[in-house]
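Residues per chain are reported as follows:
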Amino acid sequence: MPASKNSKNSHRSNKRAHEWGRGRPWACAALSAAVMAAAIAYFYKIGSTLYFGDAEAHLDIARRIVDSRTPGWSQIGTTWLPLPHLLMIPLIGNDWMWTTGLGGAIASGAAMCVATVFLFASLQRVFSSSAAAGAGAAVFLLNPNTLYLGSVPMTEPVFFAALFAML
């Protein structure tokens, strides 16, 4: 009798953890969006959005697709994978967003938010704990290197999002 009672309680606690976990990724998304918005604002304010040379190159590749002597898909063929540049296209049409680098920074920040949510969901599924998932996601997102990469037009945030989605 006690074995079935423990089994029944175990099933209830797993079900309860699963039910509580359903809404938590949205809280993680909201928190990561707030963190990334603050990081983008900070790095823009200190003028380091385009400090890394590759960041400017990524913006230029995205801009060449829509605004060059020969615009089109042939402009996307470079050494980097095309997805980050495709995500930047809607934002770099605005000259101010292109010259300041914010067009690419917003796309990178959004990708970092997606990566954090997927990491949170993966950790929550593995550990059956929102606290453990939140701690793991916080360790990832609050790393200064991660904050910088998510605040400049780079390819790594899209890589993180794809990798954590695969988990």
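All of these numbers come straight from a predicted model, not from anything done at the bench.

### Describing the overall build of the protein chain
Okay, so step 1: Regarding its fold elements, the protein chain presents nine helices and zero strands.
Okay, so step 2: Ordering the α and β elements of the protein chain from the N terminus gives α-α-α-α-α-α-α-α-α.
Okay, so step 3: Among the 167 residues that make up the protein chain, the fraction classed as buried is 37%.
Okay, so step 4: Across the protein chain, the fraction of contacts at a sequence separation of at least 24, relative to all contacts at a separation of at least 6, is 71%.
Okay, so step 5: Total accessible area computed for the protein chain in this model is approximately 9900 Å², and 66% of it derives from carbon and sulfur atoms.

### Some points on the packing of aromatic side chains
Both the distance between ring centres and the angle between the ring planes are used here to describe each pair of aromatic rings.
Okay, so step 1: For the structure on display, the rule yields seven aromatic pairs.
Okay, so step 2: Where phenylalanine 43 meets tyrosine 148, the ring centres are 5.1 Å apart and the plane angle is 75 degrees; that geometry is what we call edge-to-face. Placement of the pair is phenylalanine 43 in helix α2 (residues 24-45) and tyrosine 148 in helix α8 (residues 144-149), with a sequence separation of 105 residues.
Okay, so step 3: Seen in terms of ring centroids, phenylalanine 140 and phenylalanine 160 are 5.3 Å apart; in terms of plane orientation they differ by 85 degrees. Their pairing is edge-to-face. Pair noted here: phenylalanine 140 is in helix α7 (residues 130-141) and phenylalanine 160 is in helix α9 (residues 156-166), with a separation of 20 residues, a long-range link.
Okay, so step 4: Put simply, the rings of Phe140, Phe159, Phe160 and Phe164 touch in pairs and so form one group of aromatic residues.
Okay, so step 5: One residue, arginine 63, lies across the ring of tryptophan 98, its end atom 4.3 Å from the ring centre.

### Overview of the nonpolar core
Okay, so step 1: One finds Met36, Met112, Ala115, Phe140, Phe160 and Phe164 to be the most contacted residues of the largest nonpolar core, which totals 19 residues.
Okay, so step 2: At the level of elements, α2, α6 (102-127), α7 and α9 are the ones that each hand at least two residues to this core.
Okay, so step 3: Looking at which element gives the most residues to this core, the answer is α6, with seven residues.
Okay, so step 4: Filtering out sequence-adjacent residues up to four positions away, alanine 115 remains in contact with Phe140, Phe160, Ala161 and Phe164.

### Points about the pattern of salt bridges
Okay, so step 1: In total, this model carries two salt bridges according to the counting rule given.
Okay, so step 2: Here arginine 63 and aspartate 67 are joined by a salt bridge, their closest N and O atoms 3.1 Å apart.
Okay, so step 3: With relative accessibility at 44%, the residue aspartate 67 sits in the partly exposed group.
Okay, so step 4: Arginine 63 is paired through a salt bridge with aspartate 95; the nearest N and O atoms lie 2.5 Å apart. With arginine 63 in helix α3 (residues 53-66) and aspartate 95 in helix α5 (residues 95-100), this pair connects stretches of sequence that are 32 residues apart.
Okay, so step 5: Note on aspartate 95: relative accessible area 45%, which makes it partly exposed.
Okay, so step 6: One salt-bridge network, held together by shared partners, links Arg63, Asp67 and Asp95.

### Quick look at unusual backbone geometry
Okay, so step 1: Even without being a glycine, serine 128 presents a positive backbone phi close to 50 degrees.
Okay, so step 2: On the secondary structure map, serine 128 appears in the loop between α6 and α7.

### Notes on the state of the cysteines
Okay, so step 1: Using the criterion set out here, one finds zero disulfides in the structure.
Okay, so step 2: This cysteine, cysteine 28, is not joined by any disulfide, and cysteine 113 carries the nearest cysteine sulfur, 8.7 Å off.
Okay, so step 3: Owing to a relative accessible area of 10%, cysteine 28 belongs among the buried residues under this scheme.

The rules behind these values
Residues numbered from 1 in each chain as written. Predicted model: local features only at pLDDT ≥ 70, side-chain atom pairs only at ≥ 80, totals over all residues. Heavy atoms only, no water. Helix = DSSP H or I, 4+ residues; strand = E, 2+ residues; numbered from the N terminus. Buried < 20%, exposed > 50% of the residue type's maximum accessible area, 1.4 Å probe, protein only. Contact = heavy atoms within 4.5 Å. Areas by Shrake-Rupley, 256 points an atom, 1.4 Å probe, with all protein chains shown as cover. Phe/Tyr/Trp six-rings, centres within 6.5 Å; stacked < 30°, edge-to-face > 60°. Lys NZ or Arg CZ within 6 Å of the ring centre and 35° of its normal. Core = buried A, V, L, I, M, F, W, Y, C linked by side-chain atoms within 4.5 Å. Salt bridge = Lys/Arg side-chain N within 4 Å of Asp/Glu carboxyl O. Disulfide = S-S within 2.5 Å.

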